[in-house]
Amino acid sequence: MCFHNSMTKKAKQLANRYQRKLNFSESETECAENLYHISAFNNPLYPVITASSEIQLYRWGLIPFWVKTEEDADSIRTKTYNARAESIFDKPSFRSSVTSKRCLIPSTGWFDWRHEKGKKIPYFIYVKDEEIFSMAGIYSEWQHPQTRQTLYTFSIITTAANELMRCIHNTNFRMPVLLYKEEEEKWLYPELNRPAIEEFLQPFDSDRMEAYVIDNHFLQKSPYDPTVIKPLSPSS
């Protein structure tokens, strides 16, 4: 699954790439740029593209609107970092969002592991010739029952692995849904019906992707450390 992402570009580059406005404070800008490793398990703020004219910052780990308590919200979001394309219209956590609250998750690459002879080999994976590409996402608006504050959260949609990802994610053969650049704004169109949405939820073309092995200790490094995504040397 896709639990580890990367966003190494400046917020201004994001705004230019998606033709959206920036309205971030200084602290919010730190959540949106120069991050070589972002882990879903930290429920981080992350830049998200919606139909809005501005880039949004939402939390990774979707909380459905119908959740009643803070305890239930904290519990369910650990299970909603990803949403499976095959069941997204059936799962109560996702079916409302996929029909009306779709978003783009900008990325400069993501991380996954190949299992080989009892070892886990980490890879960095990205789209060739695209400095920033888009994963398909869904989002939700949840209101805290006591504070009445609205929390915006998201999930990344996953699908069956393509040829490249079958070699890397060789346990359950999954990958994030990647959108071709010409599809991005169409994905955000609010009036899409189910068959039209399902057309997007297919494996991406392997020939347009690249991957390489990285240091197995990248999880222990600072998320701001560029060596997180440095290719592993043959002698390592």
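A brief report on the enclosed structure follows. Owing to the predicted nature of the structure, the values given are computational and were not obtained by experimental measurement.

One open sheet holds the five strands; their spatial order is β2-β1-β7-β8-β13, and the pairing between them is antiparallel. At either margin of the open sheet sits one strand with a lone partner, and together these are β2 (35-39) and β13 (209-213). Ignoring which end each strand starts from, the neighbouring axes of this sheet average 30° apart. Note: strand β7 (residues 109-116) against strand β8 (residues 119-127), seven bridges, orientation antiparallel. Bridging from a neighbouring strand, W113 pairs with P122 of β8.

It is worth spelling out the environment of I229 at this point. Within the secondary structure, I229 sits in the segment after β13. Look at I229 and you get buried, because its relative accessible area is 17%. Along the primary structure I229 and F124 are separated by 105 residues, whereas in three dimensions their C-alpha atoms are 6.6 Å apart.

Residues E70, E71, D72 and D74 make up a contiguous surface patch of negative charge. Tracing the sequence through the fold places D72 in helix α3 (residues 70-76).

Turning our attention to the pattern of salt bridges. Under the definition given, this model contains eight salt bridges. In this structure, the salt-bridge partner of E198 is R194, at a minimum N-O distance of 2.9 Å. Here R194 and E198 lie together in helix α7 (residues 194-200), a separation of four residues that amounts to about one turn. Here D215 and K221 are joined by a salt bridge, their closest N and O atoms 3.6 Å apart. Owing to a relative accessible area of 24%, K221 belongs among the partly exposed residues under this scheme. Salt bridges linked by common partners bring R17, E130, E184 and R208 together as one network.

All told, the structure shown has 17 aromatic pairs when counted by the stated rule. Ring centres 6.1 Å apart and planes at 75° place the aromatic pair F3 and Y81 in the edge-to-face group. One end of the pair, F3, is in the segment before β1 (4-7); the other, Y81, is in the loop between α3 and β5 (82-84), and 78 residues separate them in sequence. With relative accessibility at 26%, the residue F3 sits in the partly exposed group. The class of Y81 is buried, set by a relative accessible area of 4%. Through pairs of rings, three or more aromatic residues link up here, namely F111, W113, F124, Y126, Y212 and F218.

On to the nonpolar core, then. Core analysis: the biggest nonpolar cluster contains 58 residues, and I88, W110, F154, I157, L178 and W187 have the highest contact counts within it. When residues in this core are grouped by element, the largest group, five residues, is from strand β9 (residues 133-143). If we skip the residues at most four places from it in the chain, I88 touches A83, F94, R95, V98, I138, I157 and L201. Residues Y36, F111, V228 and I229 belong to the second largest nonpolar core, which totals eight residues.

With respect to the helices and strands, H169 occurs in the loop between α5 (163-168) and β11 (174-176). For H169, a relative accessible area of 5% corresponds to the buried category. Side-chain polar atoms of H169 contact the side chain of D112, separated by 3.1 Å.

What counts, and at which threshold
- Residues numbered from 1 in each chain as written.
- Predicted model: local features only at pLDDT ≥ 70, side-chain atom pairs only at ≥ 80, totals over all residues.
- Heavy atoms only, no water.
- Pairing = 2+ DSSP bridges.
- Helix = DSSP H or I, 4+ residues; strand = E, 2+ residues; numbered from the N terminus.
- Axes fitted to C-alpha atoms, helices over the stretch in contact; angles between N-to-C directions.
- Buried < 20%, exposed > 50% of the residue type's maximum accessible area, 1.4 Å probe, protein only.
- Patch = residues over 30% accessible without salt bridge, like charges linked within 9 Å, V, L, I, M, F, W, Y side chains within 5 Å.
- Areas by Shrake-Rupley, 256 points an atom, 1.4 Å probe, with all protein chains shown as cover.
- Salt bridge = Lys/Arg side-chain N within 4 Å of Asp/Glu carboxyl O.
- Lys, Arg positive; Asp, Glu negative; His and termini not counted.
- Charge placed at Lys NZ, Arg CZ, Asp CG, Glu CD.
- Phe/Tyr/Trp six-rings, centres within 6.5 Å; stacked < 30°, edge-to-face > 60°.
- Core = buried A, V, L, I, M, F, W, Y, C linked by side-chain atoms within 4.5 Å.
- Contact = heavy atoms within 4.5 Å.
- Polar contact = N/O pair within 3.5 Å; in protein donor to acceptor, adjacent residues only side chain to side chain.

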